[in-house]
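# Survey of secondary and tertiary structure
Here are the chains, one letter per residue:
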Amino acid sequence: PAMPPGKKITARLKRTLPVRGPQAPTLSELMRWYCLNTNTHGCRRIVVSRGRLRRGLWILLTLGAVGLILWQCAELLLNYYSASVSVTVQFQKLPFPAVTICNINPYKYSYMKEYLSELDKETKKALETFYGFSEGKSKVRRSVDEGNSTGSEFFQQIPLLKFEDFSRTATDLHSGQKRKIEGSVFHKDSSIVNSGDSNDIIGFQLCDANNSSECALYTFSSGVNAIQEWYKLHYMNIMAQIPLETKEKLSYSADDLLLTCFFDGLSCDKRHFTRFHHPLHGNCYTFNSGESGTVLSTSTGGSEYGLQVVLYIDEADYNPFLVTSTGAKIIVHDQDEYPFIEDIGTEIETAAATSIGMHFTRSRKLSKPYSDCTETGADIPVENLYNKSYSLQICLHSCFQKAMVDSCGCAQYAQPLPAGAEYCNYKKNPNWMYCYYRLHEKFVKEQLGCQQICKDACSFKEWALTTSIAQWPSAASEDWMLRVLSWDKGQKFNKKLNKTDLANLMVFYKDLNERFISENPANTLVILLSNFGGQLGLWMSCSVVCVIEIIEVFLIDSLSIVMRRQWQKAKKWWNNRKRDQPGKPPQAGDPEAQGHDNPVCIDEDLPTFNTALRLPLPQDSPLPRTPPPNYSTLRLETAFTEQLPDTLEVGHH
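Here goes a summary of the coordinates provided. (Residues numbered from 1 in each chain as written. Predicted model: local features only at pLDDT ≥ 70, side-chain atom pairs only at ≥ 80, totals over all residues. Heavy atoms only, no water.)

Within the protein chain one finds 17 helices and 23 strands. Taken over 653 residues, the protein chain has a buried fraction of 38%. Counting only contacts in the protein chain whose residues sit at least 6 apart along the sequence, the fraction spanning at least 24 positions is 73%. Looking at the protein chain as shown, the accessible area adds up to about 38,900 Å², and 55% of this sits on carbon and sulfur atoms. (Helix = DSSP H or I, 4+ residues; strand = E, 2+ residues; numbered from the N terminus. Buried < 20%, exposed > 50% of the residue type's maximum accessible area, 1.4 Å probe, protein only. Contact = heavy atoms within 4.5 Å. Areas by Shrake-Rupley, 256 points an atom, 1.4 Å probe, with all protein chains shown as cover.)

Following this line, the structure appears as structure tokens:
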């Protein structure tokens, strides 16, 4: 059947009048309009291509290009916060670093006897009981004075134990009897592997003072390590009770440690050194500390223009149980840094000349969002206990010390005191040893949260050290040099120096090349936008205008169509529900029959000609037609009711 003329006109108008944007009645027509009018390539070819094969190929190519764009743009975003490293080398006059020097032995053993007499007696008793060692077999060491038994009860509470065949049966140091060791924790030193035929293990037991069943058993397959660890445990107890002023007198003075000094070819003395007391190393002395406000510098590299010192070690006055090596420890650091001798110190041996060549490097990292570092440490929720510039080590030690005070009620001896705290000792804090060991175990296993809180510093200075050693003094010069150094030592020294008591140290710049390592953003906002534009232009011939067009069509227009259709459905449902209510007679002026309530006209926009063509007729209404003419009106009728006489027809006869 032929299409009615009205429908032909409507179809022709649909073909000639384009549908534009949100005025499209369906999403499919909106997408068709977009493909025909977009500035990007590929989408139009999908619509205008003839044949399924060609259209399918264009669909695959377009989707592949879109996928590549998304992939490349995601890579650009992920790499946006990456940084490139640049190295700059400059030749200039360099500031000389601070050099901190400590004797490995922290305190003179002759001065410490009265404090350590009971501990030394217990240690020697353990050596004799477990290993058959007696004082008479030692070529060194004077007899220990019999002091007051201030700690004998405590030593009996934490004695050294000898275990057999890795069992819990142990021989007590004091009683010499075997007893069963109970405890919920049985700890072995995993860093030392037992070797040989002997299966005997030395260790000690720490128990919770509040709960005797909670014990930690620390065992060592090496008796040397066990005795030293046990000795240090009691040593810290004793030292924590001695005032700082007294400990400074028990340690080495600058005159004791320093014999000669030269810097940059000129003589120097103890006035160029600053003393600070380290809990584990006693009195240490820092050259060029910067406390006077002046930092020395050097304009020439080489060993002749650095720091040269001769140190007096005095091996005969060493504590035999606390330290087992002889010499000094040094650390090169910035004037604002704290010298962590115990962590990164370099050991200097006696009877040798140690040359340390330096390369200076300054490093700078980018902070957030490029890396997880901190500029000054102000954003780290850990109090700096060292009164020095922030570093990762300072943060970790301060964090552990804070946890120690919070958990154990006192501070660990090897680190600075927090405000209002005091160092742990067995008289005031009988439970601190067990608490400390358990807390330190958590710290090592990263269970305290310190490693998660503390961050690296964004900027730092580093001196790379190269160490070389030569025998000093030589056999040819030993005799006269030792005599002169003994004379330089002064009237207080009444014996000739021994070369094993001396150490020669030289610290210098190998060259004056300052290396500056910095991080720079690999991408800026301009580069990122340029890369986006390159990807869009390469794969889709698209620009920023195309991106705005995509946002307008796929987000704004599509959402508008969907929301309009949902509103129409809801409106229709509501009208049907009102009409179907019982007891309500249908009215001639039903709103549903009115033009302004027609579903197509609900849109707030003015109707276009195209949408007007789709206006449906009201339900149950006949199609409008042109009415037929009323032929009865065409008949002539007289306007008068009576005929005039002269109009009457006269009959012919």
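Resuming the write-up.
As a further point, take the nonpolar core. One finds F96, I101, F204, L206, L307, L311 and V507 to be the most contacted residues of the largest nonpolar core, which totals 89 residues. Broken down by element, this core gets its largest block of residues, nine residues, from helix 7 (residues 223-239). Discounting residues that sit within four places of it in the chain, L206 has contacts with I158, E214, C215, A216, Y218, L233, M433, Y434 and Y437. Of all hydrophobic cores here, the second largest spans 12 residues; its members include A353, W472, L482 and M506. (Core = buried A, V, L, I, M, F, W, Y, C linked by side-chain atoms within 4.5 Å.)

Looking only at helix 2 (residues 27-37), the buried set comprises L30, Y34 and C35. An end-on view of helix 2 places all buried positions within 135 degrees of arc, on one side of the element. Opposite the buried face of helix 2, by more than 90 degrees, sit the exposed residues S28 and R32. (Arc of directions from axis to C-beta.)

Further remarks concern the sheet that holds strand 3 (residues 98-103). Pairing in this open sheet of five strands is antiparallel, and the strands run 12-13-3-16-17 from one edge to the other. Strands at the two margins of the open sheet, each flanked by one partner only, are strand 12 (273-278) and strand 17 (346-348). Ignoring strand direction, the axes of neighbouring strands in this sheet form an average angle of 30 degrees. (Pairing = 2+ DSSP bridges. Axes fitted to C-alpha atoms, helices over the stretch in contact; angles between N-to-C directions.)

Since one α-helical turn is 3.6 residues long, residues separated by three or four positions face the same way. The end-to-end C-alpha separation of helix 11 (residues 392-408) is 24 Å, in line with the 24 Å expected for 17 residues at 1.5 Å each. Among the residues making up helix 11, those that are buried are I394, C395, L396, H397, S398, C399, F400, Q401, A403, M404 and C408. Check the buried side of helix 11 and you find it contacts helix 10 (341-344), helix 12 (432-444) and helix 13 (450-453). A positive phi of about 85 degrees marks G409, the residue just after helix 11. (Expected span 1.5 Å × (residues − 1).)

We now examine the pairing of strand 15 (residues 307-312). For strand 15, the tally of buried residues reaches five of six residues, placing the bulk of the element in the interior. The pairing of strand 15 with strand 22 (residues 502-509) spans six bridges and is antiparallel. Residue pairing across strands places L311 opposite A503, the latter belonging to strand 22.

Another point: the environment of Y305. Tracing the chain through its elements places Y305 in the loop between strand 14 (297-298) and strand 15. Along the primary structure Y305 and G265 are separated by 40 residues, whereas in three dimensions their C-alpha atoms are 5.5 Å apart. Filtering out sequence-adjacent residues up to four positions away, Y305 remains in contact with D264, T298 and T300.

As a packed pair, helix 7 and helix 12 sit with axes 12 Å apart at the nearest point and diverge in direction by 120 degrees. Classified by the angle their axes make, helix 7 and helix 12 are oblique. Crossing hand, helix 7 versus helix 12: right-handed. From helix 7, E229, L233, H234, M236 and N237 reach across to helix 12, where they touch W432, M433 and Y437. (Parallel < 35°, antiparallel > 145°, perpendicular 65-115°, else oblique. Left-handed = near helix turned anticlockwise from the far one by under 90°.)

Glancing now at unusual backbone geometry. In this structure, P369 follows K368 across a cis peptide bond, with omega equal to 5 degrees. Positionally, P369 belongs in the loop between strand 18 (352-364) and strand 19 (373-374). The step from W472 to P473 runs through a cis peptide bond, and the omega angle for that step is -15 degrees. Summarising the element assignment, P473 is placed in the loop between strand 21 (459-471) and helix 14 (478-489). Within the chain, N387 stands out as a residue other than glycine whose phi angle is a positive 55 degrees. Residue position: N387 is located in the loop between strand 19 and helix 11.

Turning our eyes to something else, we now look at the packing of aromatic side chains. The final tally for this structure, using the stated rule, is 19 aromatic pairs. Three or more aromatic residues joined by ring pairs make a cluster, and in this case those are F204, F400, W432, Y436, Y437 and F443. (Phe/Tyr/Trp six-rings, centres within 6.5 Å; stacked < 30°, edge-to-face > 60°.)

Before going further, it helps to spend a moment on the packing of helix 11 against helix 12. Between helix 11 and helix 12, the shortest axis-to-axis distance is 10 Å and the interhelical angle comes to 140 degrees. Taken together, helix 11 and helix 12 sit at an angle that is classed as oblique. Between helix 11 and helix 12 the crossing geometry is right-handed. Here L396, F400, A403, M404, S407 and C408 of helix 11 come into contact with helix 12, specifically with W432, C435, Y436, L439, H440 and F443. Of the residues belonging to the contact of helix 11 with helix 12, the class tally is 10 nonpolar, two polar and no charged. (Nonpolar A, V, L, I, M, F, W, Y, C, P; charged D, E, K, R; others polar.)

Another point: a nonpolar patch on the surface. Residues V547, I550, I551, F554, L555 and I556 make up a contiguous nonpolar surface patch of about 500 Å² in total accessible area. The topology assignment puts V547 in helix 16 (residues 544-579). For V547, a relative accessible area of 31% translates into the label partly exposed. (Patch = residues over 30% accessible without salt bridge, like charges linked within 9 Å, V, L, I, M, F, W, Y side chains within 5 Å. Salt bridge = Lys/Arg side-chain N within 4 Å of Asp/Glu carboxyl O.)

The subject of this paragraph is the environment of T219. On the secondary structure map, T219 appears in strand 9 (residues 211-220). Owing to a relative accessible area of 3%, T219 belongs among the buried residues under this scheme.

In this section: the pairing of strand 10 (residues 258-263). By the bridge criterion, five bridges tie strand 10 to strand 15 in an arrangement that is antiparallel. Pairing of C261 across the sheet is with V309, part of strand 15. Pairing of strand 10 with strand 11 (residues 266-267), which is carried by two bridges, proceeds in the antiparallel orientation. Pairing of F262 across the sheet is with S267, part of strand 11. In textbook terms, the turn of a hairpin is the stretch between consecutive antiparallel strands, and for strand 10 and strand 11 this stretch comprises two residues, one of which, D264, has a positive phi near 55 degrees.

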